[in-house]
Amino acid sequence: MKRPEVANIPEQGGLARRRRIGRVWSRVYQACVGLAALALVILLLKIVDDAFGTVAVVNVVDPASLVSADGRSLDQQSATELAGLARDTLDEKGRPYVSTDRLFTLFLDEVARTALPPSALRDLTVGQALIEGQNFPPEWADRSLFDLRLPDVERSERDAGARADIATLLADNVEQGRLLELVYSDIVQIELLESWNLIDSLARQEEIQARAARDFPQATLEFRSWLNADFLRTPGSSQALTSGIRVALLGTLWMLVIAIGVSLPLGLGAAIYLEEYARDANNHRLLRLLNGFIETNIRNLAGVPSIIYGILGLTVFVRAMEPLTSGRLAGMEGTDGRTVLSAGLTMALLILPIIIINAQEAIRAVPQALREGSHALGATRLQTIARQVLPVALPGMLTGVILSVSRAIGETAPLVVVGAATTIFIDPDSPFSRFTVLPIQIYRWTADPREGFQDVAAATIIVLLLLLLSLNATAIILRNRYSARARRTV
Amino acid sequence: MIETSAQDRLEIEQMGVWYGETCAVRNVTLPINPRRITAFIGPSGCGKSSVLRAINRMNDLVPGARVQGEIRYQGYNLYDERVDPVELRRRIGMVFQKPNPFPKSIFDNVAYGPRLLGIRDRKSLTAIVEHSLQQAALWDEVRNDLHRKSGLELSGGQQQRLCIARALAVEPEVILMDEPCSALDPIATQSIEALMRDLVQDYTIVIVTHNMQQALRVSDYTAFFNIRKRELDGVELRWGELVEFGPTQQLFDAPEHQETADYISGRFG
């Protein structure tokens, strides 16, 4: 009886062939990972490429033309001088750079009691509107505030008077720095002539410089990060250079808080019922059938296209529940139901199935032995759920929250249907505010053909991604802390 | 030979356990004498665990489980409407086959039951925890780690003794043990058996075991269950029945039934 040599087996059993096939497949799997990673890298590269780069900018009004009579530059001029510039500087068509409306708004923001609604200002006198301690000529005390604000359509004598009066009030009450800002943003103004991507800026520097020298001799070239602190602080604008995402960022946060605040308790409650109560033997047979039906459908709901949730939100929250969502029931001056509350509630419905399913799975993963151990010591079902099931299930539930935040933060379609504004400059300050969110801003700016808005969109995408990552990181840290405590051995 | 008071005796009478349409065990009639160890032995699937779990109504938690017949204790049928299963489980505690400490510190594991009873005061809790761990012969091994260590960090035998301490902390009258040593090594088994002999001075103990030597070593009474089969419309029905109950020595030395003798001597089939 002779057995084959071990070394001979390849010839007989095709070991070499098997190894070859194994190698090929492991390469195939590797390639899959590689392709996925490549796609991610390209995506990130494209965004970063857009968000940073060289820009050619020019001042509409040369600051050199605004020096004072004795030759002091803008920074060195007093508040009164700057207010004078704001009042008197005219463009080539003879219109003031700073409109009377703009001056009046600044006056309201910086000087007057701005908590008042615009309609109340009409009846207020200057004396009533000013905050204590601010200066104004005593004879103005009884002047109507509305009197100060007249349209500058016709530059009537009266208007000129009003402009002068507001400018005086501003000069007396506003810091020099704020007025300097006004002069720079409204008179000097920076205009974006062209912007280049990061890769071009680095690789073709000379070419860009040559082109700028040829086409825009008066322009300056500078390297710009479209993502900067001002970008986060300012609302949108018709100028790419001064556009910011503050309103959209606040809108996204409001919407997330409402959505999670509503769907988390609801989802946990539903999951606890479905896992701990729905299968009870002493439930009626019909109820058990119904529970099974509900459970199946929650799973299906998680796959419903988001636009359909938008239509549901429009019908239910925006239209049917308008008195509530517009804020009229809460005594606010709501106009319609297209508020951040409606958006948050719609998003809550959209993420509810995700939260329920994950919470259910987390609860189901709690060993039955823990429940039995608790019951055997005389715990009631409520006590067992509160003291054994929920603490152990918490990390899994947080997974659901992570997934649903990721989903909610990027959704666009349902919010368009629910009535997110595309152009809005006022911060949402209550659940009953008009709103916009980051993805909608991105969508709008991406579609904007004007120079620079592609770059603004890219910077917004970076903010959205960073926000998403930081929210997820928080949830993951929380989850790990809890699961470490719960496991601590096993 | 053994004095017992009828009040504290558990009387199982004509009891059967059903899961949905399936009968797990039936025709069980036996007494469980106070401050004695009663062992349930028998092959897998003979329903001994079902009977045990019926005693403190743990079966209530299993969807579709039903119990027929009566279990009388202190003048009540345990399945009477008026009996509160939560209160019942405080009086009849349970230790499970696989040690199931809670994912909490040793202290919190033992204090779990007393806290359910509303004891919040730190001093009393500490006293209860210490006493219970001493009773379970675990105190010396864990006294320095009460708050530092999770119950899950102990060895298997220590975990099981922790579960016993946890059960003792609510001062039960009866302790049900469902194969408490099947997941343990021989040395840990020995310590649990010694512990049971200690505890039986104050508690009534019922133990389910696969190990006949264990039943012989620790128990005062033994109940032998066996499987019954019947063909019905081509489907084989299996259920368990009580075959024989008696003082352990007597049951092992001179079993009344041939089945019992076969099982005990290992000629099972």
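On a predicted model such as this, the values are computed, not experimentally measured, just so you know.

Engineer: Give me the overall build of chain A: which residues, what numbers.
Structural biologist: A tally of regular secondary structure across chain A gives 22 helices and three strands. The 490 residues of chain A split such that 42% are buried. Across chain A, contacts joining residues at least 24 apart in sequence account for 71% of those joining residues at least 6 apart. Accessible area for chain A stands at about 26,300 Å²; split by element, carbon and sulfur atoms hold 60% of it.

Engineer: Now, about the interface of chain A and chain B: what can you tell me, with residues and values included?
Structural biologist: The accessible area lost on association of the parts is a frequent measure of interface size. In this complex, chain A contributes 24 residues to the contact, which on the side of chain B involves 30 residues. Both faces combined, the contact of chain A with chain B buries some 2,100 Å², and carbon together with sulfur accounts for 59% of it. Looking only at chain A, the three residues that lose the most surface to chain B are Ala376, Leu377 and Arg387 of chain A, adding up to 30% of its buried area. Summed over the shared surface of chain A and chain B, the number is one salt bridge. Two residues, Arg53 of chain B and Glu372 of chain A, come together in a salt bridge whose shortest N-O distance is 2.7 Å. Taken together, the links from chain A to chain B amount to five residue pairs in polar contact (both at pLDDT 80 or more). For the side of chain A that touches chain B, the secondary-structure elements that each account for two or more residues are α18 (368-376), α19 (381-410) and α22 (453-487) of chain A. Looking at the side of chain A that touches chain B element by element, the count peaks at seven residues for α18 of chain A. The residue makeup of the side of chain A that touches chain B, split by class, is nine nonpolar, nine polar and six charged.

Engineer: Tell me about a nonpolar patch on the surface, residues and numbers included.
Structural biologist: On the surface, a nonpolar cluster with roughly 490 Å² of combined accessible area is contributed by Ile21, Val24, Trp25, Val28 and Tyr29 of chain A. Classification of Trp25 of chain A by relative accessible area gives partly exposed; the value is 45%.

Engineer: Would you mind going over a positive patch on the surface in detail, with residue names and values included?
Structural biologist: Residue and element names in this part refer to chain A. Positive charge collects at one region of the surface, where Arg17, Arg18, Arg19, Arg20, Arg23 and Arg27 lie side by side. Relative to the elements of secondary structure, Arg19 occurs in helix α2 (residues 15-51). Among the residues examined, Arg19 registers a relative accessible area of 54% and is labelled exposed.

Engineer: Tell me what's going on with the nonpolar core, and back it up with residues and numbers.
Structural biologist: If you look at the biggest cluster of nonpolar residues, it comprises 45 residues, and the most contacted ones within it are Leu192, Trp226, Met255, Met347, Leu415, Leu438 and Val456 of chain A. Looking at this core, the elements with two or more residues in it are β1 (52-59), α13 (246-277), α15 (306-320), α17 (340-364), α19, α21 (438-446) and α22 of chain A. Not counting residues within four places of it along the chain, the set of residues in contact with Leu192 of chain A comprises Val55, Ala56, Val57, Trp226, Ala240, Leu241, Glu451 and Gly452 of chain A. Membership of the second largest hydrophobic core comes to 44 residues, among which are Ile164, Ala188, Leu195 and Tyr203 of chain B.

Engineer: Describe the pairing of β1 of chain A, with residues and values.
Structural biologist: Residues and elements named next belong to chain A. Counting buried positions along β1 yields six of eight residues, so the element is predominantly enclosed. Pairing of β1 with strand β3 (residues 220-225), which is carried by six bridges, proceeds in the antiparallel orientation. Opposite Val57, over in β3, you have Thr220 as the bridge partner. Alignment of β1 against strand β2 (residues 190-195), held across five bridges, turns out to be antiparallel. Counterpart to Ala56 in the pairing with β2 is Glu194.

Engineer: Requested: an account of the environment of Arg246 of chain A, with residues and values cited.
Structural biologist: All names here are of chain A. Considering the arrangement of structural elements, one finds Arg246 in helix α13. Residues Arg246 and Pro235, spaced 11 residues apart in sequence, show a C-alpha to C-alpha distance of 5.0 Å. Residues within four places of Arg246 in sequence aside, it is in contact with Phe231, Leu232, Arg233, Thr234, Pro235 and Asp427. Of the polar contacts made by the side chain of Arg246, one reaches the backbone oxygen of Arg233; its length is 3.2 Å.

Engineer: I'd like a description of the sheet that holds strand β8 (residues 204-208) of chain B, backed by residues and values.
Structural biologist: Residue and element names in this part refer to chain B. Pairing in this open sheet of 10 strands is mixed, and the strands run β5-β4-β1-β2-β10-β9-β3-β8-β7-β6 from one edge to the other. Looking at the sheet topology across the chains shown, the edges are occupied by β5 (76-77) and β6 (92-95). Sheet topology places strand β2 (residues 22-32) next to strand β10 (residues 235-247); two bridges connect them, and they run parallel. Bridge assignment links Val25 to a residue of β10, and that residue is Gly240. Where helix α7 (residues 186-199) meets the sheet, its contacts fall on β3 (37-41), β7 (174-178) and β8, and the angle it forms with β8 comes to roughly 150 degrees.

Engineer: I'd like a rundown of the packing of aromatic side chains, residues and numbers included.
Structural biologist: One pass over the full model with this rule turns up six aromatic pairs over all chains. Ring centres of Tyr221 of chain B and Phe245 of chain B lie 5.8 Å apart, and the angle between their planes is 10 degrees; this geometry places the pair in the stacked category. Of this pair, Tyr221 of chain B sits in strand β9 (residues 221-232) while Phe245 of chain B is found in strand β10, placing the two residues 24 residues apart along the sequence. Of the residues examined, Phe245 of chain B reaches a relative accessible area of 26% and is grouped as partly exposed. The cationic tip of Arg224 of chain A hangs over the ring face of Trp226 of chain A; the distance from NZ or CZ to the ring centre is 4.5 Å. The residue whose ring lies beneath Arg57 of chain B is Tyr79 of chain B, and the NZ or CZ to ring-centre distance is 5.0 Å.

Engineer: So, the pattern of salt bridges: which residues are in play, and what are the values?
Structural biologist: Residues and elements named next belong to chain B. Inspection of the entire model under this criterion finds 38 salt bridges over all chains. For Arg72, the salt bridge goes to Glu13, with nearest N and O atoms at 2.7 Å. Remark: Glu13 occurs in strand β1 (residues 10-19) and Arg72 occurs in strand β4 (residues 65-73); sequence separation between them is 59 residues. Looking at Arg72, the relative accessible area reads 30%, which means it is partly exposed. For Asp80, the salt bridge identified is with Arg82, shortest N-O distance 3.2 Å.

Engineer: Would you mind going over the sheet that holds β3 of chain A in detail, with residue names and values included?
Structural biologist: Residue and element names in this part refer to chain A. Read across the open sheet, the three strands follow the order β2-β1-β3; overall the sheet is antiparallel. Of all the strands in the sheet, the pair left with one neighbour each is β2 and β3. Averaged over all pairs of adjacent strands, the angle between strand axes in this sheet comes to 45 degrees, irrespective of strand direction. Sitting on the sheet, α2 touches β1 and β3, and the angle it makes with β1 is about 20 degrees.

Rules used throughout
- Residues numbered from 1 in each chain as written.
- Chains lettered and ligands numbered in written order.
- Predicted model: local features only at pLDDT ≥ 70, side-chain atom pairs only at ≥ 80, totals over all residues.
- Heavy atoms only, no water.
- Helix = DSSP H or I, 4+ residues; strand = E, 2+ residues; numbered from the N terminus.
- Buried < 20%, exposed > 50% of the residue type's maximum accessible area, 1.4 Å probe, protein only.
- Contact = heavy atoms within 4.5 Å.
- Areas by Shrake-Rupley, 256 points an atom, 1.4 Å probe, with all protein chains shown as cover.
- Buried area = accessible area lost by both parts, 1.4 Å probe.
- Salt bridge = Lys/Arg side-chain N within 4 Å of Asp/Glu carboxyl O.
- Polar contact = N/O pair within 3.5 Å; in protein donor to acceptor, adjacent residues only side chain to side chain.
- Nonpolar A, V, L, I, M, F, W, Y, C, P; charged D, E, K, R; others polar.
- Patch = residues over 30% accessible without salt bridge, like charges linked within 9 Å, V, L, I, M, F, W, Y side chains within 5 Å.
- Lys, Arg positive; Asp, Glu negative; His and termini not counted.
- Charge placed at Lys NZ, Arg CZ, Asp CG, Glu CD.
- Core = buried A, V, L, I, M, F, W, Y, C linked by side-chain atoms within 4.5 Å.
- Pairing = 2+ DSSP bridges.
- Axes fitted to C-alpha atoms, helices over the stretch in contact; angles between N-to-C directions.
- Phe/Tyr/Trp six-rings, centres within 6.5 Å; stacked < 30°, edge-to-face > 60°.
- Lys NZ or Arg CZ within 6 Å of the ring centre and 35° of its normal.

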